[in-house]
Amino acid sequence: MRYTNPDPEPERSTGLEPGSGVPPGETPPGESSMSEAGPWEGHNPPKGWAKAPLAVILVLVLLVAAGFLGYALVLIL
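Residues numbered from 1 in each chain as written. Predicted model: local features only at pLDDT ≥ 70, side-chain atom pairs only at ≥ 80, totals over all residues. Heavy atoms only, no water.

Helix and strand content of the chain: 1 helix and 0 strands. As presented, the chain carries roughly 7900 Å² of accessible surface, and 64% of it is formed by carbon and sulfur atoms. (Helix = DSSP H or I, 4+ residues; strand = E, 2+ residues; numbered from the N terminus. Areas by Shrake-Rupley, 256 points an atom, 1.4 Å probe, with all protein chains shown as cover.)

See below:
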């Protein structure tokens, strides 16, 4: 198996200064150095559950619990 070095050769690479340094402006700035680099988000819904979905879930849970309780009472009697 042959090993090849993935690093570029400094003599043949563009934009490198002597000593393997990169001059300013040769590379793009990092994400954190650019203000508002991400996409614009116009619609940010509030986090959390609304009252109506929670009420519907609670009613369904109570109906299922009542059904199990009724089934258990039928088996006992």
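Now that the structure has been shown, we can carry on.
The grouping of Trp 49, Leu 54, Ile 57 and Val 61 at the surface amounts to a nonpolar patch, some 430 Å² of accessible area in total. Looking at the element boundaries, Trp 49 is found in the segment before helix H1 (51–76). In this structure Trp 49 comes out as exposed when scored by relative accessible area, which is 63%. (Patch = residues over 30% accessible without salt bridge, like charges linked within 9 Å, V, L, I, M, F, W, Y side chains within 5 Å. Salt bridge = Lys/Arg side-chain N within 4 Å of Asp/Glu carboxyl O. Buried < 20%, exposed > 50% of the residue type's maximum accessible area, 1.4 Å probe, protein only.)

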